[in-house]
Protein chains: 2
Amino acid sequence: MAADNDFVKEITKKSVDFSAWYVDVVKKAELADYSPMKGMMVIRPYGYEIWELMRDQLDRMFKASGHRNAYFPLLIPESFLKKEAEHVEGFAPEVAWVTMGGGEVLEERLAIRPTSEAIICSMYAKWVKSWRDLPLLINQWANVVRWEKVTRPFLRTTEFLWQEGHTVHASEAEAQEETLKILDIYKTFAEEYMAVPVLSGCKSDSEKFAGAVKTYAIEALMPDGKALQAGTSHNLGQNFAKAFNIRFESRSQQLEYAWQTSWGVSTRLVGALIMAHGDDSGLILPPRLAPIQAVIVPISAGNWQETVLPQARKIFEDLKNKGLRIFLDDRDTYTPGWKYADWEMRGVPVRIEIGPKDIEKQQVVLVNRLNRKKKFIAWTALAEELTRLLEEIQNELFNRAKVLRAENTHFAATFSELKNIMESKRGLIKTGWCGSGDCEAKVKQETSATIRVIQDVPEADLPVCAVCGQKAPHTAVFAKSY
Amino acid sequence: MAADNDFVKEITKKSVDFSAWYVDVVKKAELADYSPMKGMMVIRPYGYEIWELMRDQLDRMFKASGHRNAYFPLLIPESFLKKEAEHVEGFAPEVAWVTMGGGEVLEERLAIRPTSEAIICSMYAKWVKSWRDLPLLINQWANVVRWEKVTRPFLRTTEFLWQEGHTVHASEAEAQEETLKILDIYKTFAEEYMAVPVLSGCKSDSEKFAGAVKTYAIEALMPDGKALQAGTSHNLGQNFAKAFNIRFESRSQQLEYAWQTSWGVSTRLVGALIMAHGDDSGLILPPRLAPIQAVIVPISAGNWQETVLPQARKIFEDLKNKGLRIFLDDRDTYTPGWKYADWEMRGVPVRIEIGPKDIEKQQVVLVNRLNRKKKFIAWTALAEELTRLLEEIQNELFNRAKVLRAENTHFAATFSELKNIMESKRGLIKTGWCGSGDCEAKVKQETSATIRVIQDVPEADLPVCAVCGQKAPHTAVFAKSY
């Protein structure tokens, strides 16, 4: 039997080496594993359960706002990918190509979808005929492949799982409204479920989706001072409608090109969740997305299997029936101490200890994963107290992340200030920006930071561009990014 | 505005041409559509909603029996596919190959998974070390690609969605128990949710999964007299464990090869559902898998939008809040008659009509999709009566399908009897079978029927093989199949 806490030593401390900590947690908590396919990971059950909780919640939000799911083919003929010029230019370099099928060389090679605009728009051209068919609000949960050179579990992988929404509207204004509505759903999800505060806003032209008119994103600050793009929502204008001939008869009986949006979040969100909240002991999961919200560990002393275990089982059933996600760790091959460390490493928000003395007193011990604080709770009050504690942990994680972001958000009035901050503290740097691609490129070249989002209203104290000194109609948020 | 029932004429009658009816229903009910990718269909929202209901129910059944979901890579290196000799021989001819990625020709070509044993077993070899790691019970919901020559929406498509379970066990007996447990889940799902009676049993060697020791299947009889394989469960023995070196230390500290199973059902089930229950007016969906269990159609007479519509909305909200899946068709661009025919064609089990007279009487009219029988129901009794009617329709569909199967199940004592039946009535033909591949091949060659399942106990009146006259330890169920 392993000595208590032994294996926790196998995890690099988050405070010592963030990158190594991340990979250690992913592997030791059995969230994902490397596969024989370079750049493609296996999502293990515990990691997949987090993704299922994310997916189900997002799915409810999409459906509540009128979207329906569908499924489009995995493979896209090259000629379709080429119809929108910017789109193919952006994606062709990272496509995986199928060139043989059924023992024969194919006449036309087929792209494994890197995103599905090209195949979906070809169907929309058939389905959309009249204003009565609009808006068309469809989402797809699917796998996509982008041939990446440098990969990292969840954060950047050659294959990933995602949802991609594709909508069609009768007017430019409706498409813009949809783009922002989805951005807002993403922000709400990140903050209320993931407990990760995000900035939302527009991207600069150099960072927008290949084929879009405007790209909006939510961006989260990670503890290493880098920003992570956690979701994007694109206003496609009429670009794809013109390339794929999606036209409808308007109320005034004119034949018009339709207006479109597309938007997506991916398994990358799991990576964001891991990075945002973990500590030196391992993972910490926000209760709303924790596959196990509380683990019951019976204290294995004396004849515990006759005395303690039956009551532990009763508590387990009771909490489960109340809709809480509970696990009873009744293994007799590990000590309680080993189990404590193991479940802490796996990020379970609350531990419920119950031993012979607790049976006498008709109580349990609740332990908070964030600070290991203990509380004795009577059986009769357990469900209520546990629910309250889970809510408290959810809020505390969000507050911690907001404090971290506030401490790492800086203002730069000049280019040298910007450079100094980026070389020392990193984080999010707000500056005035004139809007020119040259100034943006200069920052990227000299600091490797990019504009994560643009905020339209300039900060009062940033009236000029930090790079060129010209008038600044925008505030740009610069950061290094994943 | 379209004249009432006009579009229903566009559907071939089921009683006239079953095949044409099937394709018409798939297209007109907007379940699926053909895509630019030959053999690959688009699953439209209404069809996908049926699949979501199936998936969610199966997922609950898998989880209740201890299985957890995970996700493995889409692409499999050719060398991995080749490790199990029978497996690669069975699947290689229908593989789609990726030969280029990221702008370069790949050193080794990659198969798009036709099934995932090869990639999953390579991971299990890493994860399984001790008897403590067993059983390992993992399922995956994923897309797979098999390069098919002749395709048909849902029934046989080059890409399809499915679940594939892959389990590892410490003994042969446990693997066999799992194989049969899953077969039983499939049978329960088909009968209790799809309302489709199925035969379950073992396959002959010629029909078993490439790499399995034994394959079990559920088989449903379709109204055209052909059998449809609706799910398979394989006992893989140690074949893959030996090919991929999956070994574990047993309780007696011996290093042993593990025992495995794999099993799957696919979007083909949607095809089975369509075929099993529809009629000349279109689709009929069993209530437990109907995305819309009842549609409310307000009668648009006079100032209905002020008088009828508010009450229709109230009823809609009330039924929805009780957990029923309800749609309120408040479109003012179609007549009630047109809507009736439209929703009948889409297979909604119950229609709720409400007009000015019903408002006066505080009632609605419930119409049963199976027989168009009408019932006047007071508002106060509606939820209860609707629930009861849905249950009645679910049972009636199952009973109808059982009657159809009974009428089309035949017994053949001799080969000429077997041939006669296959040339005239078709259906399921039970015969004695000696167990030889030669007799099986002879039937296939002369009638194109194959053994769908083998039942171990021979029927009392079929003591000899219908082909060779030798002693028959088995009853074989022959049929033509999809």
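Definitions and cut-offs
- Residues numbered from 1 in each chain as written.
- Chains lettered and ligands numbered in written order.
- Predicted model: local features only at pLDDT ≥ 70, side-chain atom pairs only at ≥ 80, totals over all residues.
- Helix = DSSP H or I, 4+ residues; strand = E, 2+ residues; numbered from the N terminus.
- Rg over C-alpha atoms; globule rule 2.2 N^0.38 Å.
- Contact = placed C-beta atoms within 7 Å.
- Nonpolar A, V, L, I, M, F, W, Y, C, P; charged D, E, K, R; others polar.
- Pairing = 2+ DSSP bridges.
- Axes fitted to C-alpha atoms, helices over the stretch in contact; angles between N-to-C directions.
- Least-squares fit on C-alpha atoms with pLDDT ≥ 70 in both.
- Domains from an automatic or database assignment.
- Expected span 1.5 Å × (residues − 1).
- Buried ≥ 20, exposed ≤ 12 C-beta atoms within 10 Å, placed from the backbone.

Brief notes about the overall build of chain A
- Check the secondary structure of chain A and you find 14 helices and 23 strands.
- Against the 2.2 N^0.38 benchmark of 23 Å for 482 residues, chain A shows a C-alpha radius of gyration of 25 Å, consistent with a compact globule.
- Dimensions of chain A, computed from C-alpha atoms along their principal axes, come out at roughly 80 × 60 × 45 Å.
- A separation threshold of at least 6 residues defines the contact pool for chain A, and within that pool the share at least 24 residues apart is 68%.

Here we look at the interface of chain B and chain A
- Chain B puts 43 residues into the contact, and the matching count from chain A is 43 residues.
- Looking at the side of chain B that touches chain A, the element that brings in the most residues is strand 5 (residues 96-101) of chain B, giving 6 residues.
- Of the residues contributing to the side of chain B that touches chain A, the split by class is 27 nonpolar, 9 polar and 7 charged.
- Summarising the sheet, strand 5 (residues 96-101) of chain A and strand 5 of chain B pair through 5 bridges and their orientation is antiparallel. Along strand 5 of chain B, the bridge assignment pairs Trp97(A) with Met100(B).

Quick look at the sheet that holds strand 17 (residues 350-354) of chain A
Residues and elements named next belong to chain A.
- The strand order across the open sheet formed by 5 strands is 16-15-17-18-19, and the pairing between neighbours is mixed. With one partner strand each, in any of the chains shown, strand 16 (326-328) and strand 19 (374-378) form the two edges of the open sheet. Taken over all neighbouring pairs, the strand axes of this sheet differ in orientation by 25° on average, direction set aside.
- In this structure, strand 15 (residues 294-298) lies alongside strand 16, joined through 3 bridges in parallel fashion. Bridging from a neighbouring strand, Ile296 pairs with Leu328 of strand 16.
- Sitting on the sheet, helix 9 (residues 304-321) is in contact with strand 15, strand 16, strand 17 and strand 18 (363-368), with an inclination near 165° to strand 15.

Comments concerning the relation of the copies chain B and chain A
- In the superposition of chain B on chain A (RMSD 0.0 Å, axial shift 0.0 Å), the rotation amounts to 180°. Overall, the copies show the geometry of a two-fold rotation axis. Ranked by how close their C-alpha atoms come to the rotation axis, the residues of chain B are headed by Val98(B), at 2.1 Å.
- Most of the interface of chain B is mirrored in chain A: 100% of its interface residues are interface residues there too.

So, the domain arrangement of chain A
- Entries for chain A in the domain assignment read domain 1 (6-277), domain 2 (292-391) and domain 3 (409-479).
- Taken over C-alpha atoms, the centre of domain 2 of chain A sits 50 Å from the centre of domain 3 of chain A.

Here we look at helix 9 (residues 304-321) of chain B
Residues and elements named next belong to chain B.
- For helix 9, which comprises 18 residues, the first-to-last C-alpha distance of 24 Å matches the rise-based estimate of 26 Å (1.5 Å per residue) to within 8%.
- Where helix 9 is concerned, the buried positions are Val308, Ala312, Ile315, Phe316 and Leu319.
- In this structure, the buried side of helix 9 is in contact with strand 15 (294-298), strand 16 (326-328), strand 17 (350-354), helix 11 (356-361), strand 18 (363-368) and helix 12 (382-407).
- Of the residues trailing helix 9, Gly323 is marked for its positive phi of about 90°.

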